[in-house]
Amino acid sequence: MLKTIFKLLLTVFFVWALAYPFIQSGDIDLDEQTSEQPKKVKKIEKPLHNVKLPKFSEFSDVKEKKHAFFNFIRPHVEAENKKILQQRAKLEIARMMFENNEPLLKKQNNDAAQILKSYGLPQTVNTLNITQALRRVDIIPKELALMQAANESAWGTSRFARIGLNFFGQWCYSKGCGMVPKRRNTGAAHEVAAFKSVRAAVSSYFKNINTHNAYKELRAIRANLRLEQKPILATELTRGLMSYSERGEAYIEELNTMINQNRAYFNE
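Quick caveat, the model's predicted, so the values are computed rather than measured.

**Describing the overall build of the chain**
Here's step 1: Looking only at helices and strands, one finds 10 helices and three strands in the chain.
Here's step 2: Of the regular secondary structure in the chain, the N- to C-terminal order runs α-α-α-α-α-α-β-β-β-α-α-α-α.
Here's step 3: Of all 268 residues assigned to the chain, the portion counted as buried reaches 37%.
Here's step 4: Contacts spanning at least 24 positions in sequence make up 60% of the contacts within the chain whose residues lie at least 6 apart.
Here's step 5: Summed over all atoms, the accessible surface of the chain reaches about 17300 Å², with 56% contributed by carbon and sulfur.

**Observations concerning the pattern of salt bridges**
Here's step 1: Using the criterion set out here, one finds 12 salt bridges in the structure.
Here's step 2: In this structure, Lys-90 and Asp-111 form a salt bridge, with 3.8 Å as the shortest nitrogen-oxygen distance. Linking Lys-90 in helix H2 (residues 62-99) with Asp-111 in helix H3 (residues 106-118), this pair joins segments that are 21 residues apart in sequence.
Here's step 3: By relative accessible area, which is 44% here, Lys-90 ends up partly exposed.
Here's step 4: Two residues, Arg-247 and Glu-254, come together in a salt bridge whose shortest N-O distance is 2.9 Å.
Here's step 5: What makes Arg-247 partly exposed here is its relative accessible area of 43%.

**Details of helix H10 (residues 249-261)**
Here's step 1: Given a rise of 1.5 Å per residue, 13 residues ought to cover 18 Å, and the 18 Å separating the end C-alpha atoms of H10 matches this to within 8%.
Here's step 2: On the buried face of H10, the contacting elements are helix H5 (142-153) and helix H9 (234-237).

**Description of the confidence of the model for the chain**
Here's step 1: Considering every residue of the chain, the mean pLDDT works out to 85; 80% of them sit at 70 or more.
Here's step 2: Every residue in residues 8-35 scores below 50 in pLDDT, and together they form zero contacts with partners more than four places removed in sequence or on other chains.

**Let's talk about the environment of Leu-48**
Here's step 1: Of note, Leu-48 is situated in the loop between helix H1 (2-35) and H2.
Here's step 2: A residue is classified by how much of its surface remains accessible, and Leu-48, at 36% relative accessible area, is partly exposed.
Here's step 3: Measuring from C-alpha to C-alpha, the distance between Leu-48 and Ile-163 comes to 5.7 Å, with 115 residues separating the pair along the chain.
Here's step 4: Not counting the four nearest positions on each side in its chain, Leu-48 is found in contact with Ile-163, Met-179, Ala-194, Phe-195 and Lys-196.

**What about the environment of Tyr-205?**
Here's step 1: The residue Tyr-205 is located in helix H7 (residues 198-211) in this model.
Here's step 2: On the basis of relative accessibility, which here comes to 0%, the residue Tyr-205 falls in the buried class.
Here's step 3: For Tyr-205 and Ala-145, which are 60 residues apart along the polypeptide, the C-alpha to C-alpha distance reads 8.5 Å.
Here's step 4: Leaving out residues up to four positions away in the same chain, Tyr-205 has contacts with Ile-140, Leu-144, Ala-145, Gln-148, Phe-168, Gln-170 and Tyr-244.

**Some remarks on the nonpolar core**
Here's step 1: Membership of the largest hydrophobic core comes to 61 residues, with the highest contact counts inside it found for Phe-69, Leu-144, Met-147, Phe-167, Tyr-205 and Leu-241.
Here's step 2: Looking at this core, the elements that each hand over two or more residues are H2, H3, helix H4 (127-136), H5, H7, helix H8 (216-227), H9 and H10.
Here's step 3: Among the elements that make up this core, the one with the highest residue count is H2 (10 residues).
Here's step 4: Apart from residues lying up to four places away in sequence, Phe-167 is in contact with Leu-53, Phe-69, Phe-72, Ile-73, Gln-148, Ala-149, Glu-152, Ser-153, Gly-156, Ala-161 and Val-198.

**Here's the deal with the packing of H2 against H3**
Here's step 1: Between H2 and H3, the least distance of the axes is 10 Å, while the angle of their chain directions is 125 degrees. What the angle tells us is that H2 and H3 run oblique. Seen along the crossing, H2 lies across H3 with a hand that is left-handed. Seen from H2, the contacting residues are Gln-87, Lys-90, Leu-91, Ile-93 and Met-97; seen from H3, they are Gln-108, Asp-111, Ala-112 and Ile-115.

**Things to note about the packing of aromatic side chains**
Here's step 1: Per the stated rule, a full pass over the model turns up 13 aromatic pairs.
Here's step 2: Taken together, a centroid distance of 6.2 Å and an interplanar angle of 55 degrees make the contact between Phe-72 and Phe-167 tilted. One end of the pair, Phe-72, is in helix H2; the other, Phe-167, is in the loop between helix H6 (159-164) and strand S1 (171-172), with 95 residues separating them in the sequence. Phe-167 carries the same exposure label as Phe-72, and that label is buried.
Here's step 3: Between Lys-207 and the ring centre of Tyr-119, over which it is positioned, the NZ or CZ distance is 5.3 Å.

Reading the values: rules and limits
- Residues numbered from 1 in each chain as written.
- Predicted model: local features only at pLDDT ≥ 70, side-chain atom pairs only at ≥ 80, totals over all residues.
- Heavy atoms only, no water.
- Helix = DSSP H or I, 4+ residues; strand = E, 2+ residues; numbered from the N terminus.
- Buried < 20%, exposed > 50% of the residue type's maximum accessible area, 1.4 Å probe, protein only.
- Contact = heavy atoms within 4.5 Å.
- Areas by Shrake-Rupley, 256 points an atom, 1.4 Å probe, with all protein chains shown as cover.
- Salt bridge = Lys/Arg side-chain N within 4 Å of Asp/Glu carboxyl O.
- Expected span 1.5 Å × (residues − 1).
- pLDDT = per-residue confidence, 0-100.
- Core = buried A, V, L, I, M, F, W, Y, C linked by side-chain atoms within 4.5 Å.
- Axes fitted to C-alpha atoms, helices over the stretch in contact; angles between N-to-C directions.
- Parallel < 35°, antiparallel > 145°, perpendicular 65-115°, else oblique.
- Left-handed = near helix turned anticlockwise from the far one by under 90°.
- Phe/Tyr/Trp six-rings, centres within 6.5 Å; stacked < 30°, edge-to-face > 60°.
- Lys NZ or Arg CZ within 6 Å of the ring centre and 35° of its normal.

Listed below in structure tokens is the structure:
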């Protein structure tokens, strides 16, 4: 009897010994499979342009980052202001000729009509329309344009700046016109505009400030400064940007603070 029990126990032991490696390897495989499960890879959003942007987020030195950002945006702002001053000069000459009862040349009339059209005004070239146009066809101080670009794009590091060259937070309203904000409210249809070039983004910003009804006050402040023959200062015009941000007065104060803190960079 004891001999039979001993043989039975011995058989069970050998069966367990033979099966043990396979039991263990099964456990290890399960653990390894769990630890090696593929992690979710964050999808990289492809830029909607072919512009090679400086890697603003990689600057560790704040001064170097600001220099890089301003040097990148400034030429486009200065070019836009130069174009606007040329347009303005043509309108001022036309108005002066009307005041002196002198007829415009055909080219002068065509140029003036094209400028009026591009600023959303009637194309009839007369003193009234030209006077109205001169409130719109005017510069935006580079200090203001640069600081809004820095503020709205987080110094060029925002998703909208990187993917769509949108440095000014401009919206568009037709499906597919730009980038859908990740935190867009349910039912909202707007997108953040995308541009193919930095110059196009800057031009759009200038046109927005110079034509949209929301910035009528800014244009009035600027026209008064012209009338009083005073400099068109960025910190004066910010008062007309109350509608640019939902933050209102806080946004204006922040812009003015940024302008005053960064004056050393504007003309370098």
